[in-house]
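Residues per chain, in single letters:
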Amino acid sequence: MSTNGYAHPDTLVSTDWLAAHLTDGTVRVAEVDEDSAAYERGHIPGAVGWNWTTDLHTEVGRDYIDREELGRLLSAAGVEEDTTVVLYGGNDNWFAAYAFWLLRLRGFEQVKLLDGGRKKWELESRPLTREVMDYQHTGYRVGGVERPEFRALRDDVLAMIGTDAALVDVRSGEEYRGERLAPPHLPQEQAQVPGHIPGAVNIPWSQAANEDGTFKSADELRALYEAKGVTPDRAVVAYCRIGERSSHTWFALTELLGYPDVRNYDGSWTEYGSLVRAPVEIG
């Protein structure tokens, strides 16, 4: 399998690889999609479905499940100490990348993305099923170390404005310029004001993907980001609207290009665009 020059090619698996390992007892597949009903209409055989709103977030407040709760989620999926979790989803894996980032943030290391996600799997006419899996709970507990350096919070971002840090706005050009507050298919009222963080460059997340949903090669990715001054010698913070598209960019920079200091600002524009007296740029 081609590594495309990636720094950490083992964090991606191809559709061929997954098809050959679907029945391995040490592989567990999870679908995480913007449209949580997509799983019910058909999913990769053996996959569990994780709802990004109810399974990955706390019931009260805006934050993620902790390590104990993540352990319960993985246990319910039949994950054991020697299990590798493969994540996939629609929209070129943007919510699958979101789940990948969260699992790594909480210290779970045995996780990979299916390159191309649902799109490539379907383009190749590979099998889908509606069978909902019910795995025996394993009692799994996350044993790794949390990685807070993968996450940027509000105060971190405010402190970076005007410094040498690279702020990367991965939303569409319309959102970056302040013409929209969200993608066209979503409600437009999430943040209080439009615009972008001062000094941020606009590199839409989708530019990192090929037509079939797979990631572009390392050379193509490097050219994409370096053309906007996003180089590995700088601290980098990626953001979007709620942190899912920027997780895709975080994955490309961290796992595929090997940038050493990349953080995902998951509060993103829904938080920043509602802060009182925070500096904002339009256009």
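Everything numeric in this text was worked out from a predicted model, so none of it was measured.

Engineer: Tell me what's going on with the overall build of the protein, and back it up with residues and numbers.
Structural biologist: Check the secondary structure of the protein and you find ten helices and nine strands. The C-alpha atoms of the protein give 18 Å as radius of gyration, which agrees with the globular expectation for 283 residues (19 Å, within 12%). By principal-axis analysis of the C-alpha atoms, the protein measures approximately 50 × 40 × 35 Å. Looking at the protein residue by residue over its 283 residues, the buried ones come to 53%. Nonlocal contacts in the protein, meaning residues at least 24 apart in sequence, comprise 78% of its contacts between residues at least 6 apart. In the structure as shown, the protein presents an accessible area of about 12,300 Å², 48% of it carried by carbon and sulfur atoms. Positive and negative side-chain charges in the protein, numbering 28 and 46 respectively, have mean positions lying 3 Å apart.

Engineer: Which residues make up the UniProt feature "domain: Rhodanese" (unreviewed entry) in the protein, and what values do they have?
Structural biologist: Listed under "domain: Rhodanese" (unreviewed entry) in the UniProt record, and renumbered for this structure, are residues 30-130 and 161-281. With 33% helix and 15% strand, the stretch residues 30-130 has end C-alpha atoms that lie 14 Å from each other.

Engineer: Outline the sheet that holds strand β5 (residues 111-114), listing residues and values.
Structural biologist: Within the open sheet, the five strands sit side by side as β1-β5-β4-β2-β3. Their pairing is parallel. Both edges of this open sheet fall to β1 (12-13) and β3 (48-50), since each of them pairs with a single strand only.

Engineer: Describe in detail the layout of surface pockets, supporting the description with residues and values.
Structural biologist: In this structure, the largest pocket encloses a volume near 260 Å³. R62, R151, D266, G267 and E271 are the residues nearest the centre of the largest pocket, which is lined by 15 residues in total. Of the residues that constitute the lining of the largest pocket, the class distribution is seven nonpolar, two polar and six charged.

Engineer: An account of the sheet that holds strand β6 (residues 166-169) is requested, with residue identities and associated values reported.
Structural biologist: A sheet is described by the order of its strands in space; here four strands give the open sequence β7-β6-β8-β9, paired in parallel fashion. Either end of the sheet is taken by a strand with one partner, and the two such strands are β7 (201-202) and β9 (262-265). For strand β8 (residues 236-239) and β9, the ladder comprises four bridges, and the chain directions are parallel. By the bridge assignment, V237 is partnered in β9 with R263.

Engineer: Mind laying out the nonpolar core, listing which residues take part and the relevant values?
Structural biologist: Residues W50, L74, L87, F108, L113 and Y225 are the most contacted members of the largest nonpolar core, which totals 59 residues. Considering every element that reaches this core, the biggest residue donor is helix α4 (residues 94-105), with eleven residues. When sequence neighbours within four positions are dropped, the list of residues in contact with L87 reads A30, V32, W50, A96, A99, F100, V111, K112, L113 and L114.

Engineer: Tell me about the side chain of N264, and please be specific about residues and values.
Structural biologist: For N264, the location among the structural elements is in strand β9. Residue classification places N264 among the buried residues on the basis of a relative accessible area of 0%. Excluding its chain neighbours within four sequence positions, the residues that come into contact with N264 are W101, F150, R151, A152, A238, G243, S246, S247 and W250.

Engineer: Go over the side chain of D266 with me, naming the residues and quoting the values.
Structural biologist: For D266, the location among the structural elements is in the loop between β9 and α10 (268-272). Given the relative accessible area of 6%, D266 is considered buried. There is a polar contact of 3.2 Å between the side chain of D266 and the side chain of Y64. With residues near it in sequence (within four places) discarded, D266 still touches R62, Y64, W101, R151, A152, I242 and G243.

Engineer: Go over the pairing of β5 with me, naming the residues and quoting the values.
Structural biologist: Burial of β5 is two-sided: the residues V111 and L113 facing one way and the residues K112 and L114 facing the other way are all buried. Of the pairings in the sheet, the one linking β1 to β5 comprises two bridges and is parallel in character. Note on β5: the bridge partner recorded for V13 is L114. As judged from the three bridges shared by strand β4 (residues 84-88) and β5, these two strands associate in the parallel manner. Note on β5: the bridge partner recorded for L87 is L113. In this fold, the crossover linking β4 to β5 by way of α4 has right-handed handedness.

Cut-offs applied
Residues numbered from 1 in each chain as written. Predicted model: local features only at pLDDT ≥ 70, side-chain atom pairs only at ≥ 80, totals over all residues. Heavy atoms only, no water. Helix = DSSP H or I, 4+ residues; strand = E, 2+ residues; numbered from the N terminus. Rg over C-alpha atoms; globule rule 2.2 N^0.38 Å. Buried < 20%, exposed > 50% of the residue type's maximum accessible area, 1.4 Å probe, protein only. Contact = heavy atoms within 4.5 Å. Areas by Shrake-Rupley, 256 points an atom, 1.4 Å probe, with all protein chains shown as cover. Lys, Arg positive; Asp, Glu negative; His and termini not counted. Charge placed at Lys NZ, Arg CZ, Asp CG, Glu CD. UniProt positions renumbered as here; feature names shortened; annotations may be inferred. Pairing = 2+ DSSP bridges. 1 Å grid on protein atoms, 1.4 Å probe; cavity = no way out; pocket = protein on both sides within 12 Å on 5 of 7 lines; lining within 4 Å. Points joined across faces, edges and corners; volume = space filled by probe spheres on them. Nonpolar A, V, L, I, M, F, W, Y, C, P; charged D, E, K, R; others polar. Core = buried A, V, L, I, M, F, W, Y, C linked by side-chain atoms within 4.5 Å. Polar contact = N/O pair within 3.5 Å; in protein donor to acceptor, adjacent residues only side chain to side chain. Right-handed = clockwise from strand over helix to strand, strands pointing away.

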